[in-house]
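# What the coordinates show
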Amino acid sequence: MPRIIPKEELAAVREDLSEDPNPEQVDRQAVRDLEVRLLGAERSLKRREVAAAAGVSLLSARKLWRALGFANLGDDDVAFTPADIEALTTIIDLVREERLTEEAAISITRSIGQMTDRMVVWQVEAVVEEMVHQLGITDAQARKRLVTELPNLIDPLERVLLYSYRRQLNAAVSRLTVRAEAGLGVKAGEDDDGSLPLLRAVGFADLVSYTSLSRQMNEKTLAQLVQRFEHRCAEIISVGGGRLVKTIGDEVLFIASTPQAGAEISLALAKAIGDDDLLPSARVAMVWGGILSRLGDIYGPTVNLAARLTALAEPGTVLLDSSTAATLAGDERFVLMPQKVRTVRGFGEIHPVTLAHGRGTGLVVD
């Protein structure tokens with residue numbers, strides 16, 4: 001990870017910290033200065049003033065603020081700046097100009113709020129952890145130091161955020177185009193407005209014995225294990241052309257546009273995690289079928305079946321259902337090994353199939 005503080009400045013920073021009479025007391029003025037920079041101005045407006053300036057009711061404004069994840073404020077709280085008027089007007093104008101319905105605008109606004117909230121928490125923790133390691137200071141001291149170091153990171157991180165957003169949006173458009181040309185968008189025999197219109201490969205990877213391991217580790221070691229697992233999975237899924245939907249502690253959920261891509265990712269995950277001396281092995285399962293995508297998450301029987309199969313998989317292996325296996329039959333890259341019939345809650349009897357590598361090198365992560 002790049003240094004938060006340049007190497008040549010480390011000695012001076014350590015000396016300043018050692019001479020600080022209040023090592024854990026936050027500089028209030030530095031916090032106020034940082035707030036002005038982040039918000040664009042001093043807080044000077046109340047919520048009704050912002051709503052009126054944007055030309056909407058307070059109710060409509062509050063819907064959007066809640067979607068962004070902002071805390072509830074009273075009529076007398078001076079908490080806003082002109083930047084809040086501009087942002088609110090930008091969203092409202094999309095509805096006024098009929099580019100989006102109100103429902104879509106709120107949904108998209110919620111996606112921004114939830115993703116940026118998680119992103120900021122992640123970034124803050126990463127910087128704090130680096131300073132603790134780099135400077136040999138306590139967590140509390142690092143969080144105090146963050147106030148003075150963060151201004152140096154705001155502009156670069158903002159530029160990378162915009163760059164990544166545009167690249168990800170372009171990748172999403174490219175995937176839509178490829179799928180439309182390949183005719184993979186909708187199940188055969190279903191209308192475009194079907195309840196589960198998207199065909200995707202849905203996969204889970206689940207660390208074995210995570211619960212027992214978590215009882216034996218301290219918080220820092222456990223966090224490092226989970227972080228290593230998440231980073232390894234994210235890298236493989238990305239290289240394989242899939243998308244990491246979410247992580248749930250010891251488990252990752254991903255999707256891919258074709259059953260072949262899903263199979264390659266699944267096999268690569270099982271192998272990479274199994275070969276990592278610092279991680280326990282993983283159970284992996286993948287199912288090809290229809291899903292419903294909402295708010296960045298995915299739902300439906302396909303997701304549920306993939307989760308159930310993960311629990312049935314042997315450590316270090318990948319398990320499919322028979323329908324998914326049929327889509328891979330005849331592809332020399334894969335070996336399919338039928339297993340005994342199992343009864344799965346909510347699905348009755350299913351015919352699981354173990355997936356293994358066939359011809360070729362498989363997914364290569366360089």
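Look a little higher up for the structure.
Predicted model, so just to flag it, every value in this text is computed and none were measured. (Residues numbered from 1 in each chain as written. Predicted model: local features only at pLDDT ≥ 70, side-chain atom pairs only at ≥ 80, totals over all residues. Heavy atoms only, no water.)

### Notes on helix 4 (residues 58-68)
Considered for burial, the residues of helix 4 that qualify are Leu58, Ala61, Leu64, Trp65 and Ala67. Taken together, the buried residues of helix 4 touch helix 3 (47-54), helix 5 (82-96) and helix 6 (102-135). (Buried < 20%, exposed > 50% of the residue type's maximum accessible area, 1.4 Å probe, protein only. Helix = DSSP H or I, 4+ residues; strand = E, 2+ residues; numbered from the N terminus. Contact = heavy atoms within 4.5 Å.)

### Some points on the packing of aromatic side chains
Under the defined criterion, the tally for this structure stands at one aromatic pair. Seen from their ring centres, Trp65 and Phe80 are 4.7 Å apart, and the 25° between their planes marks the pair as stacked. In this pair, Trp65 is assigned in helix 4 and Phe80 in the loop between helix 4 and helix 5, connecting sequence segments 15 residues apart. Phe80 gets classed as buried once you look at its relative accessible area, which sits at 6%. (Phe/Tyr/Trp six-rings, centres within 6.5 Å; stacked < 30°, edge-to-face > 60°.)

### Side note on the pattern of salt bridges
Counted by the stated rule, this structure contains 17 salt bridges. Taking the shortest distance from any N to any O, the salt bridge between Asp155 and Arg37 comes out at 3.3 Å. Residue Asp155 is located in helix 8 (residues 151-182), and its partner Arg37 is located in helix 2 (residues 28-39); the two are separated by 118 residues in the primary sequence. For Asp155, a relative accessible area of 37% corresponds to the partly exposed category. Judged by relative accessible area, which is 40%, Arg37 ranks as partly exposed. As a salt-bridge pair, Asp276 and Arg228 come within 2.8 Å of each other at their nearest N and O atoms. Placement of Asp276 in the loop between helix 11 (259-275) and strand 4 (282-294) and of Arg228 in helix 10 (residues 219-239) is noted, with a sequence separation of 48 residues between them. Under the relative-accessibility criterion, Asp276 is labelled buried at 10%. Exposure remark for Arg228: the relative accessible area of 37% places this residue in the partly exposed category. Within this structure, Arg47, Arg48 and Asp75 form a network of salt bridges that share partners. (Salt bridge = Lys/Arg side-chain N within 4 Å of Asp/Glu carboxyl O.)

### With respect to the layout of surface pockets
Reported here for the second largest pocket is a volume of approximately 830 Å³. Ranked by residue count, the leading element in the lining of the second largest pocket is helix 6, at ten residues. (1 Å grid on protein atoms, 1.4 Å probe; cavity = no way out; pocket = protein on both sides within 12 Å on 5 of 7 lines; lining within 4 Å. Points joined across faces, edges and corners; volume = space filled by probe spheres on them.)

### A few points about a nonpolar patch on the surface
Residues Leu162, Tyr165 and Leu169 make up a contiguous nonpolar surface patch of roughly 320 Å² in combined accessible area. Turning to its location among the elements, Tyr165 is positioned in helix 8. (Patch = residues over 30% accessible without salt bridge, like charges linked within 9 Å, V, L, I, M, F, W, Y side chains within 5 Å. Areas by Shrake-Rupley, 256 points an atom, 1.4 Å probe, with all protein chains shown as cover.)

### Comments concerning the packing of helix 10 against helix 11
At a minimum axis distance of 10 Å, the contact between helix 10 and helix 11 shows a crossing angle of 145°. Two packed elements cross with a definite hand, and for helix 10 against helix 11 that hand is right-handed. Between helix 10, through Phe229, Arg232, Cys233, Ile236 and Ile237, and helix 11, the contact on the second element is made entirely by Ile265, Ala268, Leu269, Ala272 and Ile273. Class assignment of the residues belonging to the contact of helix 10 with helix 11 gives a composition of nine nonpolar, no polar and one charged. (Axes fitted to C-alpha atoms, helices over the stretch in contact; angles between N-to-C directions. Left-handed = near helix turned anticlockwise from the far one by under 90°. Nonpolar A, V, L, I, M, F, W, Y, C, P; charged D, E, K, R; others polar.)

### Structural notes on the nonpolar core
Counting 35 residues, the largest nonpolar core has Leu269 and Leu355 as its most contacted members. Where this core is concerned, the elements lending two or more residues are strand 1 (198-207), helix 10, strand 3 (251-256), helix 11, strand 4, strand 6 (318-320), helix 13 (322-328) and strand 10 (353-357). Among the elements that line this core, the one with the most residues is helix 11, at eight residues. Residues within four places of Leu269 in sequence aside, it is in contact with Ala205, Cys233, Ile236, Ile237 and Phe254. (Core = buried A, V, L, I, M, F, W, Y, C linked by side-chain atoms within 4.5 Å.)

### Comments concerning the packing of helix 3 against helix 4
For any two helices packed against each other, one specifies the inter-axial angle together with the distance between the axes. It is the contact of helix 3 with helix 4, at a shortest axis distance of 9 Å, that shows an interaxial angle of 105°. As summarised for this structure, helix 3 and helix 4 are arranged roughly perpendicular, according to the angle between their axes. Of the residues in helix 4, those in contact with Arg47, Arg48, Val50 and Ala51 of helix 3 are Leu58, Ala61, Arg62 and Trp65. Among the residues forming the contact of helix 3 with helix 4, the class breakdown is five nonpolar, no polar and three charged. (Parallel < 35°, antiparallel > 145°, perpendicular 65-115°, else oblique.)

### Looking at helix 11
Helix length check: helix 11, at 17 residues, gives a terminal C-alpha distance of 24 Å against a target of 24 Å (1.5 Å per residue), a fit within 8%. Among the 17 residues in helix 11, twelve count as buried, and that is most of the element. (Expected span 1.5 Å × (residues − 1).)

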